[in-house]
Amino acid sequence: MLQRARRKTATDVTFVLPSGHPCGPVSVVGDFNEWLPGAHPLVERTDGTRAVKISMPTGQRMYFRYLADGGHWFDDPDADGHDGRNCYVDN
């Protein structure tokens, strides 16, 4: 799930995954962190979901995927779209 909070020059995008799916550590990797695994790990919240918030420039498309333990890449079904390789979010 993606949650957005728009500001004047940026949009805060919160990437949210349900509790325990998938098991183990997960990070969101994309244009905003130069595809560096582990740069933005999702952290467990009080409701059991895991999330990380990233500030992105308004008016840009940013590509991303999730990277789970063991090198398992996966997509977000709630992304704005998919280009055949990666998900994207439009700000």
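Note: the structure precedes this text.
To start, this report covers the structure provided alongside it. (Residues numbered from 1 in each chain as written. Predicted model: local features only at pLDDT ≥ 70, side-chain atom pairs only at ≥ 80, totals over all residues. Heavy atoms only, no water.)

## Considering the sheet that holds strand E1 (residues 2–6)
Reading across the sheet, the four strands line up as E1-E2-E5-E4 and stay open at both edges, with antiparallel pairing between neighbours. Because the sheet does not close on itself, it has two edges, and the strands there are E1 and strand E4 (43–44). In this structure, strand E2 (residues 10–17) lies alongside strand E5 (residues 50–57), joined through eight bridges in antiparallel fashion. The residue bridging Val16 from the neighbouring strand is Ala51, located in E5. (Pairing = 2+ DSSP bridges. Helix = DSSP H or I, 4+ residues; strand = E, 2+ residues; numbered from the N terminus.)

## So, the nonpolar core
Ranked by internal contacts, the top residues of the largest apolar core, which has 19 residues, are Phe15, Val28, Phe32, Met56, Phe64 and Tyr66. When neighbours within four sequence positions are excluded, Val28 is seen to be in contact with Phe15, Asn33, His40, Leu42, Val52, Ile54, Phe64, Arg65 and Tyr66. (Core = buried A, V, L, I, M, F, W, Y, C linked by side-chain atoms within 4.5 Å. Buried < 20%, exposed > 50% of the residue type's maximum accessible area, 1.4 Å probe, protein only. Contact = heavy atoms within 4.5 Å.)

## Side note on the side chain of Asn33
By secondary structure assignment, the location of Asn33 is in the loop between strand E3 (26–30) and E4. Excluding anything up to four places from it in sequence, Asn33 contacts Val28, Ala39 and His40.

## A short note on the pattern of salt bridges
A complete count under the given rule lists four salt bridges for this structure. A salt bridge links Asp90 to Arg61; its shortest N-O distance comes to 2.7 Å. Taken as a pair, Asp90 in strand E9 (residues 87–90) and Arg61 in strand E6 (residues 61–68) lie far apart in primary sequence, 29 residues in all. For Arg65, the salt bridge is made with Asp75, and the minimal N-O distance between the two is 2.8 Å. With Arg65 in strand E6 and Asp75 in the loop between strand E7 (72–74) and strand E8 (81–82), the pair connects residues that are ten residues apart, well separated along the chain. (Salt bridge = Lys/Arg side-chain N within 4 Å of Asp/Glu carboxyl O.)

## Considerations on the packing of aromatic side chains
Counted by the stated rule, this structure contains six aromatic pairs. Aromatic side chains Tyr63 and Tyr88 sit 5.8 Å apart centroid to centroid with 65 degrees between the ring planes, which places their arrangement in the edge-to-face category. A residue pair is termed long-range when its members are at least 10 positions apart, and Tyr63 in strand E6 and Tyr88 in strand E9 qualify at 25 residues. On the accessibility criterion, Tyr63 (23% relative accessible area) is partly exposed. One Lys or Arg, Arg61, reaches over the ring of Tyr88 and ends 3.7 Å from the middle of that ring. (Phe/Tyr/Trp six-rings, centres within 6.5 Å; stacked < 30°, edge-to-face > 60°. Lys NZ or Arg CZ within 6 Å of the ring centre and 35° of its normal.)

Scope: geometric values only; no functional claims are made or implied.
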